[in-house]
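Take a look at the letters that make up each chain.
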Amino acid sequence: MRVTNNQMANAITSSLFRQAQRLLKAQITVATEKIINKPSDETLSSIDQYNRNITQGKMWIELSETALGTIDTLINSAKNIAVEQSSGDLETREMALQEVENIYGQILDLANTRMGNSYLFSGHKTDTAPFRNEVSLTSGVSDDIVFGLAADATDVTIKIYNSAGEVVRTLTPGGGGAGTN
């Protein structure tokens with residue numbers, strides 16, 4: 001690449017102009033003994049941005065707190081249903097099952113709470129729903145399948161259904177420990 005005399009002269013002129021501006025700003029600061037001399041010093045816009053960030057942060061925390069409080073209430077309701085059904089008859093268990101499934105759906109919706117276009121509980125991928133009740137396949141390869149167990153189990157079976165409700169695959173990963181697997 002060829003550098004012409006004109007290009008070198010323009011680069012030097014531009015550099016001298018930037019240095020002259022910095023020197024003038026330093027002289028004004030020394031003469032007035034003030035760091036902030038005019039609103040264009042970006043201080044006011046920085047303060048406005050800080051205030052917007054604080055307001056948004058407060059809203060984010062309040063919305064998260066509300067969602068988590070509601071989830072806690074729903075989980076306690078599900079626990080109460082389980083305790084009641086431990087000594088209940090088989091006829092009421094079907095209704096209890098429906099109630100727990102409804103609670104699960106509500107918790108799933110709350111776990112995917114959004115503020116604006118961002119999901120609250122999705123970590124750094126705020127444009128992606130963090131929790132799903134499905135597994136997606138891309139070119140025959142699935143996402144990670146995550147399941148929870150209330151206690152250690154040696155025989156676990158996972159059935160995968162299509163949209164018509166038909167079993168399309170059965171996985172037997174063996175066993176798993178209590179908690180998320």
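These remarks concern the structure in this document.

When you go through the protein residue by residue, the secondary structure sums to three helices and eight strands. Order of helices (α) and strands (β) in the protein, N terminus to C terminus: α-α-α-β-β-β-β-β-β-β-β. The buried share of the protein, taken over its 181 residues, is 12%. For the protein, the proportion of contacts with a sequence separation of at least 24, taken over those separated by at least 6, is 40%. Of the roughly 14,500 Å² that the protein leaves accessible, carbon and sulfur atoms contribute 55%.

What follows concerns helix α1 (residues 5-32). Each α-helix winds once per 3.6 residues, and so residues spaced three or four apart point in a common direction. Helix length check: α1, at 28 residues, gives a terminal C-alpha distance of 41 Å against a target of 40 Å (1.5 Å per residue), a fit within 8%. Positioned one or two residues after α1, E33 has a phi angle of 55°, which is positive.

Turning our eyes to something else, we now look at the nonpolar core. Judged by nonpolar contacts, I71, L74, I81, A96, I103 and I107 together constitute the single largest core of six residues. Of all elements in the fold, only α2 (43-85) and α3 (90-111) reach the threshold of two or more residues within this core. Each residue touching I107, except ones within four places of it in the same chain, is listed here: I71, L74 and I75.

Time to look at the pairing of strand β6 (residues 153-161). The sheet contact formed by β6 and strand β7 (residues 167-176) spans six bridges and is antiparallel. Its bridge partner lying in β7, A153 is registered against G176. From the end of β6 to the start of β7, which pair antiparallel, there are five residues, and G165 there has a positive phi angle of about 85°.

In total, this model carries zero aromatic pairs according to the counting rule given. Here R114 stacks its cationic end above the ring of Y119, 4.3 Å away from the centre of that ring.

Before going further, it helps to examine a nonpolar patch on the surface. Together, I47, Y50 and I54 line one region of the surface with nonpolar side chains, adding up to about 310 Å² of accessible area. Counting through the fold element by element, I47 comes out in helix α2.

In this model α3 runs 31 Å from its N-terminal to its C-terminal C-alpha over 22 residues, within 8% of the 32 Å that 1.5 Å per residue would give. Of the positions making up α3, those classed as buried are A96, I103, I107, L108 and A111. For α3, the buried positions fall inside an angular range of 140° around the axis, keeping them on one side. Across α3 from its buried face, at more than 90 degrees, point the exposed residues E91, M95 and D109.

What follows concerns the side chain of Q85. Along the chain, Q85 falls in helix α2. A polar atom in the side chain of Q85 sits 3.2 Å from the side chain of T92. Every residue in contact with Q85, bar those within four places of it in the chain, is listed here: T92, R93 and A96.

A word on the side chain of S122. Structurally, the position occupied by S122 is in the loop between β2 (118-119) and β3 (137-138). Engagement of the side chain of S122 in a polar contact is seen with the backbone oxygen of Y119, the distance being 3.3 Å. From its side chain, S122 meets the backbone oxygen of K125 in a polar contact 2.9 Å long. Leaving out residues up to four positions away in the same chain, S122 has contacts with T128 and P130.

Definitions and cut-offs
Residues numbered from 1 in each chain as written. Predicted model: local features only at pLDDT ≥ 70, side-chain atom pairs only at ≥ 80, totals over all residues. Heavy atoms only, no water. Helix = DSSP H or I, 4+ residues; strand = E, 2+ residues; numbered from the N terminus. Buried < 20%, exposed > 50% of the residue type's maximum accessible area, 1.4 Å probe, protein only. Contact = heavy atoms within 4.5 Å. Areas by Shrake-Rupley, 256 points an atom, 1.4 Å probe, with all protein chains shown as cover. Expected span 1.5 Å × (residues − 1). Core = buried A, V, L, I, M, F, W, Y, C linked by side-chain atoms within 4.5 Å. Pairing = 2+ DSSP bridges. Phe/Tyr/Trp six-rings, centres within 6.5 Å; stacked < 30°, edge-to-face > 60°. Lys NZ or Arg CZ within 6 Å of the ring centre and 35° of its normal. Patch = residues over 30% accessible without salt bridge, like charges linked within 9 Å, V, L, I, M, F, W, Y side chains within 5 Å. Salt bridge = Lys/Arg side-chain N within 4 Å of Asp/Glu carboxyl O. Arc of directions from axis to C-beta. Polar contact = N/O pair within 3.5 Å; in protein donor to acceptor, adjacent residues only side chain to side chain.

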